[in-house]
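# Structural description and commentary
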Amino acid sequence: MFENEALGLLVPLVVLVAASAVALLANLVDRRRPKRRTMNGLEPGIVLFTSQKCPGCDPVRDLLTEVLGPKGFREIKWTEEPQPFQTHKIDRVPTTAAVDSEGLGRVWEGMPSVRLLQKWKSFVYLG
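What comes next concerns the included structure. (Residues numbered from 1 in each chain as written. Predicted model: local features only at pLDDT ≥ 70, side-chain atom pairs only at ≥ 80, totals over all residues. Heavy atoms only, no water.)

With that settled, the discussion passes to the side chain of Thr50. Among the secondary structure elements, Thr50 is positioned in strand S2 (residues 45–50). The exposure class of Thr50 is buried, given its relative accessible area of 1%. Contact partners of Thr50, with chain neighbours within four places excluded, come to Cys57, Arg61, Glu75, Ile76, Lys77, Trp78, Phe85 and Val93. (Helix = DSSP H or I, 4+ residues; strand = E, 2+ residues; numbered from the N terminus. Buried < 20%, exposed > 50% of the residue type's maximum accessible area, 1.4 Å probe, protein only. Contact = heavy atoms within 4.5 Å.)

Set out below in structure tokens:
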């Protein structure tokens, strides 16, 4: 009888642990992908959202300059243009977005990888 009671407690516990592991894994995978978002009103290209007191913004700016070139992206600073932050729901800086000609953005919060930026080179607006 004790074995049945122990098994009755063990099965739900194993199911709970497995479900938690799957949820954690899904969250980690989701964090590694850019979020897609409509960003109408922004010109096509790469946009870097920053603020004045952002300790992570300089390294991201340097990386974008290295991978895309000094004119390969546009920077929008909170202190100079707060409206795009509100319009496009930019909650954290640095945030980088690649915006296509239809206004669809691929948004990355934090430090993007070199590989991601190389994929985004086709979004660079040199006009």
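Ranked by size, the top nonpolar core spans 15 residues in total, and within it Ile46, Leu64, Leu68, Phe73, Leu117 and Trp120 carry the most contacts. Of all elements in the fold, only S2, helix H2 (57–68) and helix H4 (114–119) reach the threshold of two or more residues within this core. Each residue touching Trp120, except ones within four places of it in the same chain, is listed here: Pro34, Ile46, Thr96, Ala97, Ala98, Arg106 and Trp108. In terms of nonpolar packing, the next biggest core, distinct from the first, is built from 10 residues, Leu42, Phe49, Ile90 and Val99 among them. (Core = buried A, V, L, I, M, F, W, Y, C linked by side-chain atoms within 4.5 Å.)

The next subject is the packing of aromatic side chains. The description of an aromatic ring pair uses the distance of the two centres, along with the angle that the planes make with each other. Under the defined criterion, the tally for this structure stands at 2 aromatic pairs. Ring geometry for Phe49 against Phe85: centres 5.2 Å apart, planes inclined by 80°, an arrangement best described as edge-to-face. With Phe49 in strand S2 and Phe85 in helix H3 (residues 82–87), the pair connects residues that are 36 residues apart, well separated along the chain. For Phe49, a relative accessible area of 0% gives the class buried. Between Trp78 and Phe85, the ring centres sit 5.3 Å apart and the planes meet at 90°, which makes this aromatic pair edge-to-face. (Phe/Tyr/Trp six-rings, centres within 6.5 Å; stacked < 30°, edge-to-face > 60°.)

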